[in-house]
Amino acid sequence: DGGITQSPKYLFRKEGQNVTLSCEQNLNHDAMYWYRQDPGQGLRLIYYSQIVNDFQKGDIAEGYSVSREKKESFPLTVTSAQKNPTAFYLCASSPGTGVDSPLHFGNGTRLTVT
Amino acid sequence: AQSVTQLGSHVSVSEGALVLLRCNYSSSVPPYLFWYVQYPNQGLQLLLKYTSAATLVKGINGFEAEFKKSETSFHLTKPSAHMSDAAEYFCAVSDRGTGNTGKLIFGQGTTLQVKP
């Protein structure tokens, strides 16, 4: 079955450590996105990529980095510069970037930093 | 710039009762609107989308939404709630401020509780 796989589902890290969240899709979608979800705040866009080897900052990119070396993969690194990294992270993809293209979501990674 | 506002962070209904989740949008251009559902510790699943073809949009699981330009609203309804409808619901609008990027702007979410 085609879909988006995020791993791991739960991740624990100590403050000051960088951590990388995995996102893989086999939907052959060109566009991929990372959102952060906090209670009562909805989803906020961190980074997005419309094509391989290209990506753009979203609304809350500070303290995060990404790469898009392969169409299928869009890993997110949460760096030690992110002041409040504990959150639920959602990866999504879309077959195109048209305004009517819905996003397909993975099941998320819950990151806890102590 | 586009934005959406979901009125009511929590909605509680009895099983079999009407479900009404409210979403108002702000957009200087014709909006493209979406409703998503999220079950605990899972990703979001598309319920339905409005792309200007018809003002009444039918989605999965018996949900539908009506686009009302005069009220800048896109409320989600279901005639009869089922226990399995308990989840968090998000309204979203396509971000058309920076060209075609496929980005969505989400509301804060509404948690639906269904009582037996």
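Further up the page is the structure itself.
In this text the structure is predicted, and so the values were computed from the model without any measurement. (Residues numbered from 1 in each chain as written. Chains lettered and ligands numbered in written order. Predicted model: local features only at pLDDT ≥ 70, side-chain atom pairs only at ≥ 80, totals over all residues. Heavy atoms only, no water.)

What to know about the state of the cysteines
A covalent bond bridging the sulfur atoms of two cysteines is what the word disulfide describes.
All names here are of chain B.
Working step 1: For the coordinates displayed, the defined rule picks out two disulfides over all chains.
Working step 2: Here Cys23 connects covalently by a disulfide to Cys91, the sulfurs 2.0 Å from one another. The sign of the -65° torsion about the S-S bond sets the Cys23-Cys91 disulfide as left-handed. Residue Cys23 is located in strand β3 (residues 19-26), and its partner Cys91 is located in strand β9 (residues 87-94); the two are separated by 68 residues in the primary sequence.
Working step 3: The exposure class of Cys23 is buried, given its relative accessible area of 0%.
Working step 4: Overall, Cys91 belongs to the buried group, its relative accessible area being 0%. (Disulfide = S-S within 2.5 Å. Helix = DSSP H or I, 4+ residues; strand = E, 2+ residues; numbered from the N terminus. Buried < 20%, exposed > 50% of the residue type's maximum accessible area, 1.4 Å probe, protein only.)

So, the layout of surface pockets
Working step 1: Here the largest pocket defines a volume of roughly 330 Å³.
Working step 2: If you trace the largest pocket, you find 20 residues lining it, with Gln37(A), Pro39(A), Arg110(A), Gln38(B) and Glu88(B) closest to the centre.
Working step 3: Listing elements by their share of the lining of the largest pocket, those giving two or more residues are β9 (87-94) of chain A together with β9 of chain B.
Working step 4: At three residues, the largest contribution of residues to the lining of the largest pocket is made by β9(B).
Working step 5: Tallied by class, the residues present in the lining of the largest pocket amount to seven nonpolar, 10 polar and three charged.
Working step 6: In this model, the second largest pocket occupies a volume close to 170 Å³.
Working step 7: Contributing elements (two or more residues each) for the lining of the second largest pocket: β10 (104-105) of chain A together with β5 (44-50) of chain B.
Working step 8: Considering only residue class, the lining of the second largest pocket consists of eight nonpolar, four polar and no charged. (1 Å grid on protein atoms, 1.4 Å probe; cavity = no way out; pocket = protein on both sides within 12 Å on 5 of 7 lines; lining within 4 Å. Points joined across faces, edges and corners; volume = space filled by probe spheres on them. Nonpolar A, V, L, I, M, F, W, Y, C, P; charged D, E, K, R; others polar.)

Some points on the sheet that holds strand β1 (residues 4-7) of chain A
All names here are of chain A.
Working step 1: Pairing within the open sheet is antiparallel, and its four strands lie in the order β1-β3-β8-β7. At either margin of the open sheet sits one strand with a lone partner, and together these are β1 and β7 (64-66). Each adjacent strand pair in this sheet contributes to an overall mean axis angle of 20°, direction not counted.
Working step 2: Bridging between β1 and strand β3 (residues 19-25) involves four bridges; their strand directions are antiparallel. Residue Ser7 lies in a different strand from β3, and its bridge partner there is Ser22. (Pairing = 2+ DSSP bridges. Axes fitted to C-alpha atoms, helices over the stretch in contact; angles between N-to-C directions.)

Things to note about the pairing of strand β8 (residues 73-78) of chain B
All names here are of chain B.
Working step 1: Across the six residues of β8, five count as buried, placing the element largely inside the fold.
Working step 2: Sheet topology note: the β3/β8 ladder contains four bridges and is antiparallel. Bridge pairing links Leu21 to Leu76 in β8.
Working step 3: Pairing geometry for strand β7 (residues 64-68) and β8, over five bridges, is antiparallel. By the bridge assignment for β8, Ala65 is matched with Leu76.
Working step 4: In sequence, β7 turns back onto β8 through a hairpin of four residues, with Thr72 there showing a positive phi of about 45°.

Re the environment of Thr109(A)
All names here are of chain A.
Working step 1: Following the sequence through the fold, Thr109 ends up in strand β11 (residues 109-113).
Working step 2: Placed 19 residues apart in sequence, Thr109 and Leu90 show a C-alpha to C-alpha distance of 6.7 Å.
Working step 3: Residues contacting Thr109, with those up to four places away along its chain left out, are Gln6, Ser7, Pro8, Lys9, Leu11, Leu21, Ala87, Phe88 and Tyr89.
Working step 4: Within the structure, Thr109 has its side chain in polar contact with the backbone oxygen of Pro8 (distance 2.6 Å). (Contact = heavy atoms within 4.5 Å. Polar contact = N/O pair within 3.5 Å; in protein donor to acceptor, adjacent residues only side chain to side chain.)

Points about the sheet that holds β8(B)
All names here are of chain B.
Working step 1: Strand order in the open sheet made by the five strands is β1-β3-β8-β7-β6, with antiparallel pairing throughout. The strands lining the two open edges of the sheet, one partner per strand, are β1 (3-7) and β6 (56-58). The mean angle between the axes of side-by-side strands here comes to 20°, regardless of whether they run parallel or antiparallel.
Working step 2: As judged from the five bridges shared by β1 and β3, these two strands associate in the antiparallel manner. The residue bridging Thr5 from the neighbouring strand is Asn24, located in β3.

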